[in-house]
Amino acid sequence: MKQSILVINCGSSSLKFAVLSDEGTVTLVEGMADRLNTNQSTITFKHQGQKTQTTLDEGSHKSVVTHIKQWLDQHNDIKRTLVGVGHRVVHGGETFSRSVLINQEVIDGINECAKFAPLHNPAHAKGIEVAFELFPGLPQIAVFDTAFHQTLLPEHYLYPIPMRFYRDHHFRKYGFHGTSYRYISHFFSSIVPNSHRQGVLIAHLGNGASVCAVNNGQSSDTSMGITPLEGLMMGTRSGSVDPSLVAFIGQADNINSEKALSLLNKKSGLLGISELSNDCRTLEEAMLLGDSKAKLALDMFAVRTAKHLASSATTLDKVDHVIFTGGIGENSPYLRDLICSHLRVFNICIDSQLNQNAPRGDVSNISASDSHPQTWIIPTNEELMIALDALQLIR
Ligand code: ADP
């Protein structure tokens, strides 16, 4: 019988979902609820190419999952194939180094990690609780964004601060986008079988952006830290800056450190520099019309991405492949070209025609013929990875 998985990605103000069948390769229905906990919450279902949107009377996580359940009750052909629910969980701390079947102990662990992801983990725990209530009898699986990076060595994950902070509070680099990196690494080994014995650099560039070095199939370094603020310049996040800036910004704007950090998270990055938008596409359009701040923001994004890729490369024996993924990585020939132009020291050279004409949503090798590190575009698919993990654990 066909087996499908309901994948739930529960955020604080939105909930994305999908039902995937055929080993995660077929999407039977997908959708999203947003503006949760306001009186403007809506839920959208996309089924057989048609979108339907409904306003939610009550925008709670429970009412969203109840709506999904009601929709499934009306589509019994899909509902009867469900064998489990897979949840994306942002922070698994040091407790979770792989995906797990959820029981009370796991829920307690997710709640304990909430101190590092106060916006995300409580929402995930809520989503899990509601899903248990509404889908009794279906096994639930948690898939953690941090898990893939649990293979980092202490010299890479420790911050050079007094050791007691790690000992007593587990302050360390955790890294994120792990489900995306694991998917890319797993998928890549299906098209380049010996890549599991090679050095691979992956740039996941979206509104949130990070890089990861994968050595012999395992994460050896990544740019995000104890939170997703560290590393690359992003849509609205500054990425790595001198931490003294928190105090300077606090003094300049007469705000406390929490507000200064919020400014680094929400008002910085591409948005902060361009003073226009956090959206790469908007900035590329503005740059073409002569907006010099939009160009500067994109140039800074490219330089910083290249620097972090180069830095992560120090954990590899050699760089065999560079892979671009995420909304920007998959869709912006301009930034791919600019980033690679800053990585000539690694002999990374792309073919500009292949880069420009890479088909959207598909795998492409965009390397110039004489480039040893091969450069690829691979669309990520975190939902598929969650469904595969769920199926494996259930079986
Ligand atoms: P998130 O981190 O929210 O998942 P995404 O991976 O969806 O982000 O990526 C969103 C980013 O991708 C935005 O900055 C958007 O402008 C950019 N993007 C999407 N399509 C294009 C395109 N055709 N050209 C340039 N940038 C694009």
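Residues numbered from 1 in each chain as written. Predicted model: local features only at pLDDT ≥ 70, side-chain atom pairs only at ≥ 80, totals over all residues. Heavy atoms only, no water.

To continue, consider the sheet that holds strand 3 (residues 26–34). Taken in spatial order, the eight strands of this open sheet run 5-4-3-2-1-6-8-7, and their pairing is mixed. Two strands lie at the open edges of the sheet, namely strand 5 (50–55) and strand 7 (100–101), each paired on one side alone. Summarising the sheet, strand 1 (residues 4–10) and strand 6 (residues 82–89) pair through five bridges and their orientation is parallel. In the sheet register, S4 faces strand 6, and the bridge partner there is L82. (Pairing = 2+ DSSP bridges. Helix = DSSP H or I, 4+ residues; strand = E, 2+ residues; numbered from the N terminus.)

Remark: helix 12 (residues 292–313) packs on helix 14 (residues 333–341), axes separated minimally by 8 Å, with the N-to-C direction vectors making an angle of 50°. Of the possible angle classes, the one that applies to helix 12 and helix 14 is oblique. Viewed along their axes, helix 12 and helix 14 form a crossing whose handedness is right-handed. Between helix 12, through K295, L298, D299, F301, A302, T305, A306 and L309, and helix 14, the contact on the second element is made entirely by Y334, L335, L338 and I339. (Axes fitted to C-alpha atoms, helices over the stretch in contact; angles between N-to-C directions. Parallel < 35°, antiparallel > 145°, perpendicular 65-115°, else oblique. Left-handed = near helix turned anticlockwise from the far one by under 90°. Contact = heavy atoms within 4.5 Å.)

Two side chains that carry opposite charge are able to pair once their charged atoms sit near each other. Evaluated as defined, the whole model comprises 14 salt bridges. Here D73 ties to K79 by a salt bridge, and the two come within 2.8 Å at their closest N and O atoms. With its nearest N and O atoms 2.6 Å apart, the salt bridge here joins R88 to D145. Of this pair, R88 sits in strand 6 while D145 sits in the loop between strand 8 (140–144) and helix 5 (154–157); the two residues are 57 residues apart in sequence, bridging distant segments of the chain. For the pair R88 and D145, a shared accessibility class is recorded, and that class is buried. (Salt bridge = Lys/Arg side-chain N within 4 Å of Asp/Glu carboxyl O. Buried < 20%, exposed > 50% of the residue type's maximum accessible area, 1.4 Å probe, protein only.)

According to the domain assignment, the chain consists of domain 1 (4–144) and domain 2 (194–382). Here domain 1 and domain 2 have C-alpha centroids that lie 29 Å from each other. (Domains from an automatic or database assignment.)

Moving on: the site of the ligand. In the region of the ligand, 13 residues are neighbours, and N207, D279, C280, R281 and G327 sit closest. Measuring from an oxygen atom of the ligand, one finds a backbone N or O atom of G208 at 3.1 Å. One nitrogen or oxygen atom from the main chain of R281 is found 3.0 Å from an oxygen atom belonging to the ligand. When the free accessible area of the ligand is taken as 580 Å², the share hidden by the protein chains comes to 69%. Tallying contributions element by element places helix 13 (residues 326–331) first for the shell around the ligand, with four residues. Partitioned by chemical class, the residues of the shell around the ligand number two nonpolar, seven polar and four charged. (Near = heavy atom within 4 Å. Polar contact = N/O pair within 3.5 Å; in protein donor to acceptor, adjacent residues only side chain to side chain. Areas by Shrake-Rupley, 256 points an atom, 1.4 Å probe, with all protein chains shown as cover. Nonpolar A, V, L, I, M, F, W, Y, C, P; charged D, E, K, R; others polar.)

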